[in-house]
Amino acid sequence: MLPKIALLLALATLARVQAQLPPSDDTPRLWPQPKQLFLGEDADDLFLDPDTFSIEYDETDETDDILVYNTAYYTKEMFKRKPSGDPPSGTSINKLIINVEAPADQTTYPTLGMDESYTLTHSEGKQEIVLEAKTSFGAIRGLETFSQLLQMNRGFVIKKGAGLQIEDAPKY
């Protein structure tokens, strides 16, 4: 009986604890960890305004249904919550530009050995982040990483994101 009471007290205590990270914890929680991640030690924060932010495709890309669907999905998921707390400061990011070397068509499926690598880059002073990928499936992986970078409970902020550089690809 005593262990059950202790368990109930522990669960009640956990239920009262806020689920948000403390303001001093600025570490991005990316899963899986990218091969290379650079966030500047003293870099400015980046923030997105859901009312003005857009995801665009490079003019030379022939956008495909798979990427268009996933872009709409991630846009909806990223901005599902309303920001809370003080308005963010730092550099405003108004767009994510996606460049895909070889867009998929409706008959393309991911295969073993397919190049799903991507890079996410922010050039300091610019109001855009660039996502470059060899294939649409690499771009989708980059969209997932981008969505994980945002600290949604702090006003859609990428802490210390100015000059951001991420390179990644699946291990298989």
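Small disclaimer: the values here were computed from a predicted structure and weren't measured.

K.L.:
Requested: an account of helix H2 (residues 65-78), with residues and values cited.
P.N.:
Along its 14 residues, H2 runs 20 Å from first to last C-alpha, staying within 8% of the 20 Å computed at 1.5 Å per residue. Among the residues making up H2, those that are buried are Leu67, Asn70, Thr71, Tyr74 and Met78. End-on, the buried residues of H2 take up no more than an arc of 105°, which puts them together on one face. Exposed side chains of H2 directed beyond 90 degrees from the buried face belong to Tyr69 and Lys76.

K.L.:
Let's hear about the packing of aromatic side chains: which residues, and what values?
P.N.:
One pass over the full model with this rule turns up four aromatic pairs. Relative to Phe79, the ring of Phe53 has its centre 5.8 Å away and its plane inclined at 65°; by these criteria the two rings are edge-to-face. In this pair, Phe53 is assigned in the loop between strand E2 (46-48) and strand E3 (54-57) and Phe79 in the loop between H2 and strand E4 (91-93), connecting sequence segments 26 residues apart. Pair check on accessibility: Phe53 and Phe79 agree, each one buried. On the basis of relative accessible area, Phe79 is assigned to the buried category, the value being 15%. Among the aromatic side chains, those forming a connected cluster through ring pairs are Phe53, Phe79, Phe146 and Phe156.

K.L.:
Summarise the sheet that holds E3; cite the residues concerned and give the values.
P.N.:
Taken together, the six strands give an open sheet; going across it, the order is E1-E9-E6-E7-E5-E3, and neighbouring strands pair in mixed fashion. At either end of the open sheet lies a strand with only one pairing partner, and these are strand E1 (36-38) and E3. With strand direction ignored, the average angle separating the axes of adjacent strands in the sheet is 15°. Sheet contacts for H2: E3 and strand E5 (95-102); angle to E3, the most-contacted strand, approximately 165°. On the sheet, helix H3 (residues 136-149) packs against E3, E5, strand E6 (118-122), strand E7 (128-135) and strand E9 (165-168) and is oriented at approximately 145° with respect to E7.

Rules used in this analysis
Once a new chain begins, its residue numbering starts again from 1 and follows that chain's sequence as written. In view of the model being predicted, local features appear only for residues whose pLDDT reaches at least 70, and side-chain atom pairs are presented and counted only at 80 or more, with totals across whole chains, interfaces and linings using the full set of residues. Here the side-chain values reflect all heavy atoms present in the structure, with hydrogen atoms and water set aside. To qualify as a helix, a DSSP run of H or I must reach at least 4 residues; to qualify as a strand, a run of E must reach at least 2; elements of each kind are numbered from the N terminus. A helix is expected to reach a length of 1.5 Å times the quantity of its residues less one. Throughout this description, buried means an accessible area under 20% of the type-specific maximum (1.4 Å probe, protein chains only), exposed means over 50%, and partly exposed covers the range between. When we speak of the arc, we mean the arc of directions from the helix axis to the C-beta atoms. Whether two aromatic rings pair depends on their centres lying within 6.5 Å, for rings of Phe, Tyr and Trp, where Trp uses its six-membered ring; planes under 30 degrees apart make the pair stacked, over 60 edge-to-face, and the rest tilted. DSSP bridges decide pairing: two strands pair if at least two such bridges lie between them. Whenever a helix is involved, its axis is fitted only over the stretch in contact; in every case the axis is a line through C-alpha atoms, and angles between N-to-C directions fall within 0 to 180 degrees. Contact between two residues is taken to exist if any of their heavy atoms lie within 4.5 Å; hydrogens are not considered.

Just distances and angles here, no functional claims.
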